[in-house]
Amino acid sequence: MIFLKLLEGRGIEFVKRLDSIANRKSDYVVKSEDVTDERYGYYPFERPINLYIEYGFIPLDKPPGPTSHEVVAWIKKMFSIGKAGHGGTLEPKPPI
Amino acid sequence: MHSSKEYVALMELHGDVDLEKLYEVFKMFTGRIYQRPPLRSSVKRSLRVREIYSIDLLEIINRHVLFRVKCESGTYIRKLCHDIGLVLGVEAHMRELRRVAVAHIREELPVVTLHEVSEAVYLWRKYGDETLIRKVVLPVEYIVAHLPKIIIKDSAVDAIAHGAQLAVPGIVMLSNDVKKGERVAIFTLKGELVAIGKSFMEAEEIVKNEKGVAVKIERVVMDRGTYPPLWKKAKKGEKSE
């Protein structure tokens, strides 16, 4: 499971793991020093559930029947959220 | 995303073909090929070149050929099957198609079904159990994993969240393949995606320069106010109990 690789990193380590999962070979150049303030923001995997979902995406295996538009509508209903989109799907089955 | 796509397709041949010839023809279709989009398409129907990065024949049973294909975005697999059939001399059509990857977003993540999503939401809403929902939903940061990245100081975050351009002094570190005119993803030190933008400078320029505007923001992801604005930021060491 690919996403488990991400779980092991935090902060800059997490960002570097994103690179490795996308097979990015490039390295980082450091420009300045800074330490993050723990009072603000969240490490992505540690977001409280509502934020985790708000800043989340679902890699969905869409069933062949409904359109992706319908599926997005269902997802919005399930999560009671107003905004959701989809990143693309295969063309609908042509009628015989 | 105009990146590579990967599919597993089932092709049905309309006649019997010698195995060796099948392999030969499939090999022919690896590399750059010509394609004209089908009638049912939203794009201009001009002849265009697309690249097939690889084809792996998985299973061949009688006239059914199961194969995995990795190709350039915009390649029509249906047309590929049709054209392979023509070259084989027996004609063929695509019976089934499954997209298994878009760039780095792969089936192996794992992908989940609507049932699993529904179950995860139920367990969370009814019992407060978050374990399944945190497996089904993934952080949005994953989507921009393929982009060059710039990590910024906490003090620069809120301005960017308001759409302000990113200036050099706000940068902590950056991918060494940041290119002028190309897209970059801006992250906090905690690894949160702040925004996506276009770089005005090459990585080397950013490293050399003391000041200047480095990135034009195209799309803000983080909510404003997540981090305090620079001028309101409390002095370090002052922690309220």
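Residues numbered from 1 in each chain as written. Chains lettered and ligands numbered in written order. Predicted model: local features only at pLDDT ≥ 70, side-chain atom pairs only at ≥ 80, totals over all residues.

Side note on the nonpolar core
Grouped together as the largest cluster of nonpolar side chains are 49 residues, with contacts concentrated most on Ile150(B), Ile151(B), Ile152(B), Ile160(B), Ile186(B) and Val194(B). Ignoring anything within four residues of it in the chain, the contact list for Ile151(B) reads Ile12(A), Val15(A), Val172(B), Met173(B), Phe187(B) and Leu189(B). The next biggest cluster of nonpolar side chains, apart from the first, holds 13 residues, and it includes Met11(B), Leu80(B), Cys81(B) and Ile84(B). (Core = buried A, V, L, I, M, F, W, Y, C linked by C-beta atoms within 7 Å. Buried ≥ 20, exposed ≤ 12 C-beta atoms within 10 Å, placed from the backbone. Contact = placed C-beta atoms within 7 Å.)

Considerations on unusual backbone geometry
In the segment running from Leu109(B) into Pro110(B), the intervening peptide bond is cis, with an omega of 15°. Take Pro110(B): it is sitting in the loop between strand E6 (105–106) and helix H3 (114–127). Even without glycine at this site, Ser80(A) takes up a positive phi of about 50°. Among the secondary structure elements, Ser80(A) is positioned in the segment after helix H4 (68–79). Even without a glycine there, the phi angle at Ala103(B) is positive, about 55°. Secondary-structure assignment places Ala103(B) in the loop between strand E5 (92–102) and E6. (Helix = DSSP H or I, 4+ residues; strand = E, 2+ residues; numbered from the N terminus.)

Considerations on the sheet that holds strand E4 (residues 64–71) of chain B
All names here are of chain B. In spatial order, the strands read E2-E3-E4-E1-E5-E6; together these six strands make up an open sheet with antiparallel pairing. Strands at the two margins of the open sheet, each flanked by one partner only, are strand E2 (31–35) and E6. Pairing geometry for strand E1 (residues 5–13) and E4, over eight bridges, is antiparallel. Across the sheet, alanine 9 pairs through a bridge with phenylalanine 67, a residue of E4. Across the sheet, helix H2 (residues 77–88) touches E1, E2, E4 and E5, and the angle it forms with E5 is around 140°. (Pairing = 2+ DSSP bridges. Axes fitted to C-alpha atoms, helices over the stretch in contact; angles between N-to-C directions.)

A few points about H2(B)
Residues and elements named next belong to chain B. Taking 1.5 Å of rise per residue, twelve residues should cover 16 Å, and H2 covers 16 Å from first to last C-alpha, within 8% of that figure. Looking only at H2, the buried set comprises Ile77, Leu80, Cys81, Ile84 and Gly85. Buried residues along H2 cover an arc of 135° about the axis, so they all sit on one side. Against E1, helix H1 (19–28), E4 and E5 lie the buried residues of H2. (Expected span 1.5 Å × (residues − 1). Arc of directions from axis to C-beta.)

Considerations on the interface of chain A and chain B
The interface of chain A with chain B comprises 48 residues on the first partner and 53 residues on the second. Considering only residue class, the side of chain A that touches chain B consists of 33 nonpolar, eight polar and seven charged. (Nonpolar A, V, L, I, M, F, W, Y, C, P; charged D, E, K, R; others polar.)

Quick word on the packing of H1(B) against H2(B)
All names here are of chain B. Put simply, H1 and H2 touch, their axes get as near as 10 Å, and they point 130° apart. Here H1 is positioned oblique relative to H2, judged by the angle of their axes. Where H1 crosses over H2, the two elements pack in a sense that is right-handed. Across the interface between the two elements, Lys21, Leu22, Val25, Phe26 and Met28 of H1 pack against Ile84, Val87 and Leu88 of H2. A per-class count over the contact of H1 with H2 returns seven nonpolar, no polar and one charged. (Parallel < 35°, antiparallel > 145°, perpendicular 65-115°, else oblique. Left-handed = near helix turned anticlockwise from the far one by under 90°.)

A short note on the domain arrangement of chain B
The domain boundaries assigned to chain B delineate domain 1 (5–106), domain 2 (108–138) and domain 3 (142–220). One C-alpha centre belongs to domain 1 of chain B, the other to domain 2 of chain B; they are set 35 Å apart. (Domains from an automatic or database assignment.)

Focus: the pairing of strand E8 (residues 149–152) of chain B
Side chains on a regular strand alternate between the two faces of the sheet. Residue and element names in this part refer to chain B. Side chains of E8 alternate between two faces, with Lys149 and Ile151 and Ile150 and Ile152 buried alike. Alignment of E8 against strand E11 (residues 183–187), held across three bridges, turns out to be parallel. Across the sheet, residue isoleucine 151 finds its bridge partner in E11, namely phenylalanine 187. As defined by bridge partners, E8 adjoins strand E10 (residues 171–175) across three bridges and the pair is classed as antiparallel. By the bridge assignment for E10, isoleucine 152 is matched with isoleucine 171.

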